[in-house]
Amino acid sequence: MQLIAEDLVIERGGRIVIDGLSFSVSEGETLVLAGANGAGKTTLLRTIAGFIRPASGTVRLDGGDGELTITEQAHVVGHANAIKSSMTVFENAAFWAEYLGGQAASTERIERALHHFGLEDLVEFPAAYLSAGQRRRLGLARLLLAPRALWLLDEPTVSLDIASSDRLVAAVNDHTRAGGLAIVATHVPLALERARTLTIASQRMAA
């Protein structure tokens, strides 16, 4: 499986953010997006995910399920944690497991995902009572709740301490060892295996 982007031109707010970008990511590989704030890392991730239509160029997932869009084959984790404060940790996880997997996940799978991110003692806590780091870990737990070939992660370590960041890195490395693909936008050095860096340069061209 391989994600291939060819000659991408992406416009946002009346200017060209990405101009003629081509790259590929193969199974078992992590692509780290680097670059200054405002260079277009988030915009690129959202375009790959299918949330933004490029002005020109293409993004395709060769070897994936041809009946599904890239969005349907990807986990997308942005700046928001996408959790409901009135629901418990377990209820939030159960919702995402069913929503992403198309059916109710086993209790064992949910508990395994929460355990990986150190939330096993908080399963009955309403999400409203969680700290910022705990909320972030709960948002990240959905990566393990349903299998998706492509992980698109935008600044995933925000609000995480070192130990929690290590849990995330372990999850990404397990994913790529199993043949998955990951694209991670980050300003923080991470011990990601089989990783290479793509630096996004800020564009100054008027659309």
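Basis of the calculations
- Residues numbered from 1 in each chain as written.
- Predicted model: local features only at pLDDT ≥ 70, side-chain atom pairs only at ≥ 80, totals over all residues.
- Heavy atoms only, no water.
- 1 Å grid on protein atoms, 1.4 Å probe; cavity = no way out; pocket = protein on both sides within 12 Å on 5 of 7 lines; lining within 4 Å.
- Points joined across faces, edges and corners; volume = space filled by probe spheres on them.
- Helix = DSSP H or I, 4+ residues; strand = E, 2+ residues; numbered from the N terminus.
- Nonpolar A, V, L, I, M, F, W, Y, C, P; charged D, E, K, R; others polar.
- Axes fitted to C-alpha atoms, helices over the stretch in contact; angles between N-to-C directions.
- Left-handed = near helix turned anticlockwise from the far one by under 90°.
- Contact = heavy atoms within 4.5 Å.
- Pairing = 2+ DSSP bridges.

**Some remarks on the layout of surface pockets**
- Here the largest pocket defines a volume of roughly 410 Å³.
- As for the largest pocket, its lining consists of 19 residues, of which Phe51, His75, Val76, Val77 and Arg142 are closest to the centre.
- Going through the elements one at a time, helix 1 (41-49), strand 5 (74-77), helix 2 (89-101) and strand 6 (150-154) are the ones with two or more residues in the lining of the largest pocket.
- Considering every element that reaches the lining of the largest pocket, the biggest residue donor is strand 5, with four residues.
- Here the lining of the largest pocket is composed, by residue class, of nine nonpolar, five polar and five charged.
- Within this model, the second largest pocket holds a volume of roughly 210 Å³.
- Forming the walls of the second largest pocket are 13 residues, and the residues nearest its centre are Leu143, Leu144, Pro147, Trp151 and His175.
- Sorting the residues of the lining of the second largest pocket by element identifies helix 3 (107-116) and helix 5 (162-177) as the ones contributing at least two each.
- Ranked by residues supplied to the lining of the second largest pocket, first place goes to helix 5 with three residues.
- Of the residues belonging to the lining of the second largest pocket, the class tally is seven nonpolar, three polar and three charged.

**Some words on the packing of helix 2 against helix 3**
- Close contact between helix 2 and helix 3 brings their axes to 10 Å; oriented N to C, the two are set at 115 degrees. In this structure, helix 2 crosses over helix 3, and the sense of that crossing is right-handed. Side by side, helix 2 and helix 3 meet where Val89, Phe90, Ala93, Ala94 and Ala97 of the first sit next to Thr107, Ile110, Glu111 and Leu114 of the second.
- Class assignment for the residues of the contact of helix 2 with helix 3 results in seven nonpolar, one polar and one charged.

**Brief notes about the environment of glutamate 120**
- When you line up the elements, glutamate 120 lands in the loop between helix 3 and helix 4 (132-141).
- C-alpha of glutamate 120 to C-alpha of proline 189: the two residues are 69 residues apart in sequence and 27 Å apart in space.
- Setting aside chain neighbours within four positions, we find glutamate 120 in contact with Leu114 and His115.

**Concerning the sheet that holds strand 6**
- One open sheet holds the five strands; their spatial order is 5-6-7-3-8, and the pairing between them is parallel. Edge positions in the open sheet fall to strand 5 and strand 8 (195-199), since each of these has one partner strand only. Strand after strand, the sheet turns through a mean of 15 degrees between neighbouring axes, direction not considered.
- When strand 3 (residues 30-34) meets strand 8, the two strands line up parallel, connected through five bridges. Across the sheet, residue leucine 33 finds its bridge partner in strand 8, namely leucine 198.
- Each of strand 3, strand 5, strand 6 and strand 7 (181-185) is contacted by helix 1, which is oriented at about 155 degrees to strand 6, the strand it contacts most.
- With respect to the sheet, helix 5 is in contact with strand 3, strand 6 and strand 7, its orientation differing from that of strand 6 by roughly 155 degrees.

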